[in-house]
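A closer look at the structure
Here are the chains, one letter per residue:
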Amino acid sequence: MNFTDELVQWYLSNKRDLPWRNTTNAYIIWLSEIILQQTRVEQGLPYFNRFLEKYPTVTDFAAAHEDEVLKLWQGLGYYSRGRNMLKTARLVQEQYNGVFPTSYDELIKLKGIGEYTAAAIASFSANEAKAVVDGNVYRVLARYYGIFEPINSTQGKKIFQSAASDLLNKQNPALHNQTMMEFGAMLCKPKNPACGICPVREGCYAFINNATTGLPVKLNKLKVRERFFNYFLVTDSNTILMNKRGENDIWANMYDLPMVETSALLSIDELIQLPEVKTMFGNNLNIIEDSPIHKHILTHQRLFVRMIKTDNYPVNMNENWAYFSVENLQDLALPRIIFILIKNIFNL
DNA sequence: AATTCGGGGAC
DNA sequence: GTCCCAGAATT
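Numbering of residues starts from 1 in each chain and follows the order in which that chain's sequence is written. To label them, take the chains in the order written and letter them from A, then take the ligands in the order written and number them from 1. The model is predicted, so local features are restricted to residues of pLDDT at least 70 and side-chain atom pairs to those at 80 or more, both for listing and for counting; the totals for chains, interfaces and linings are taken over all residues. Side-chain figures throughout are based on the complete set of non-hydrogen atoms in the structure, without hydrogens or water.

In this section: the nonpolar core. Definition used in this section: a nonpolar core is a set of buried Ala, Val, Leu, Ile, Met, Phe, Trp, Tyr and Cys residues joined via side-chain atoms within 4.5 Å. The cut-offs for exposure are 20% and 50% of the maximum accessible area for each residue type, with area from a 1.4 Å probe on protein chains only; residues under the lower value are buried, those over the upper are exposed, and the others partly exposed. With 98 residues, the main nonpolar core has Trp30 and Phe61 as its most contacted residues. Helix numbers and strand numbers start at the N terminus; a helix is a DSSP run of H or I with at least 4 residues, a strand a run of E with at least 2. Ranked by residues supplied to this core, first place goes to helix α2 (residues 26-35) with 8 residues. Only heavy atoms enter the contact rule, under which two residues are in contact if any of them lie within 4.5 Å. Not counting chain neighbours up to four residues away, the residues in contact with Phe61 comprise Tyr27, Trp30, Leu31, Phe51, Tyr55, Val69, Met85, Leu86 and Ala89. In terms of nonpolar packing, the next biggest core, distinct from the first, is built from 13 residues, Val234, Val260, Leu274 and Phe281 among them.

So this is what it looks like as structure tokens:
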């Protein structure tokens, strides 16, 4: 048997039973693929179930409000996925009469759908002959064929896309694509791949040359920025002052608290002398409580977050601020760190 | 071509 | 701590 036939045999007897594999409904497959972008199956699965229950069809999704979608997305990260899903659902409802497209060329035009996701939906829903190239496929191809071009360079992406397309089984693209990804996820793992039980190791460059650790090659140019968020908790235990974030920064359109960002970690005394703080609260800020600094790690940012409780009320209201009753907090989409900071206070 | 979008789990 | 996950959009 050749390389891919061996992998298909492995797949048929080792695959996980995942709900989105039991359908050709393009809407359901779209839902799963967006949720699984840069997200492990175990983390995305409960979100997939909740979204499908709440929005059984794309028509239901299109009728949702953005705040509601973001709330359902809370905790999953990369929140633009949720906002783009709503845009796409509404466009499909309007332009496609609620029938989700299944062709690669139509899918690739939609917000939140790139080359990988278009190929995935087209192949899984309609068996269109497009090869998926995700992190798993990069790894399997790099190791088996000994491809050393970096997977995140422009040249590398072309080479891997081309190799994947050449390898694609055009008789059954869906089965082929599922196989490549499942094999990468379950056996040809990033660390400690299970070469001992690998059905194709005899032909694998990386196994033969003991090179699995170094493949695939990836250029690492990750810059991490440090930021210091000083939040103010303004509450009478029945209401709380919340801030709706803007479009540009992290956590777009989600809710946090009134805040002053500083370029360094300041003492509480230094902080209350800042002009921004004085503008918000006047000259006499009364501090009830100053939380420990919470370190929150994102992909490109390290956040140092503190929460200061005060019994003052702002002397100037920001247009993005509003008081919410504490019962309504459960309806707001909160970034993970904000949720952690206030959940014990209000028994969320 | 480079950067920026989260959060969690494995090591 | 590091790496990476069924990547895409923006600059």
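Structure shown, so let's carry the discussion forward.
Looking now at the domain arrangement of chain A. Throughout, the edges of the domains are those of an automatic or database domain assignment. Segmentation of chain A into domains returns domain 1 (3-131 + 154-183) and domain 2 (225-346). The straight-line distance from the C-alpha centre of domain 1 to that of domain 2 is 36 Å. Counting residues at the interface gives 9 residues for domain 1 and 16 residues for domain 2. For the pair domain 1 and domain 2, the summed buried area comes to about 910 Å², and 47% of that belongs to carbon and sulfur atoms. Accessible surface is computed with a 1.4 Å probe, and the buried area is the amount of it that two parts give up when combined, taken over both parts together.

Moving on: the protein's contact with DNA strand C. Surveying the vicinity of DNA strand C reveals 31 residues, the closest of which are Leu36, Gly112, Gly114, Thr117 and Arg139. Summary of the distance rule: residues count as near a molecule or strand when at least one heavy atom falls within 4 Å of that molecule or strand. Sugar and phosphate atoms form 62% of the subset of DNA strand C atoms that lie within 4 Å of the protein. Backbone polar atom of Gly114 to a phosphate oxygen of DNA strand C: 2.8 Å apart, as the coordinates give it. Asp134 places a side-chain nitrogen or oxygen 3.0 Å from a sugar or linking oxygen of DNA strand C. Breaking the surface near DNA strand C down by element, the ones donating at least two residues are α8 (115-126), α9 (135-145) and α11 (173-186). Counted by class, the surface near DNA strand C contains 10 nonpolar, 11 polar and 10 charged residues. Whenever a nitrogen or oxygen atom comes within 3.5 Å of another N or O atom, the pair is scored as a polar contact, on the condition that within protein one atom can donate a hydrogen and the other can accept it, and that pairs from neighbouring residues in sequence are kept only if both atoms are in side chains. Under the grouping applied here, Gly and all other residues not named as nonpolar or charged are polar, the nonpolar ones being Ala, Val, Leu, Ile, Met, Phe, Trp, Tyr, Cys and Pro and the charged ones Asp, Glu, Lys and Arg.

A pair of aromatic rings is counted whenever rings of Phe, Tyr or Trp (Trp by its six-membered ring) have centres within 6.5 Å, and the orientation is called stacked for planes under 30 degrees apart, edge-to-face for over 60 and tilted otherwise. Here the structure, examined in full by the defined rule, presents 20 aromatic pairs. Ring centres of Phe148 and Tyr205 lie 5.7 Å apart, and the angle between their planes is 85°; this geometry places the pair in the edge-to-face category. Of the two residues, Phe148 is situated in the loop between α9 and α10 (154-167) and Tyr205 in helix α12 (residues 205-208); the sequence distance between them amounts to 57 residues. Accessibility expressed as a relative area gives 42% for Phe148, which makes it partly exposed. Residue Tyr205 is classed as partly exposed on the basis of its relative accessible area of 31%. What links up through ring pairs into an aromatic cluster is the set Tyr27, Trp30, Phe51, Tyr55, Phe61, Trp73 and Phe100. The ring of Tyr104 carries the charged tip of Lys130 above its face, separated from the ring centre by 4.5 Å. Placement of a charge over a ring requires the Lys NZ or Arg CZ to be within 6 Å of the ring centre, with the centre-to-atom vector within 35 degrees of the ring normal.

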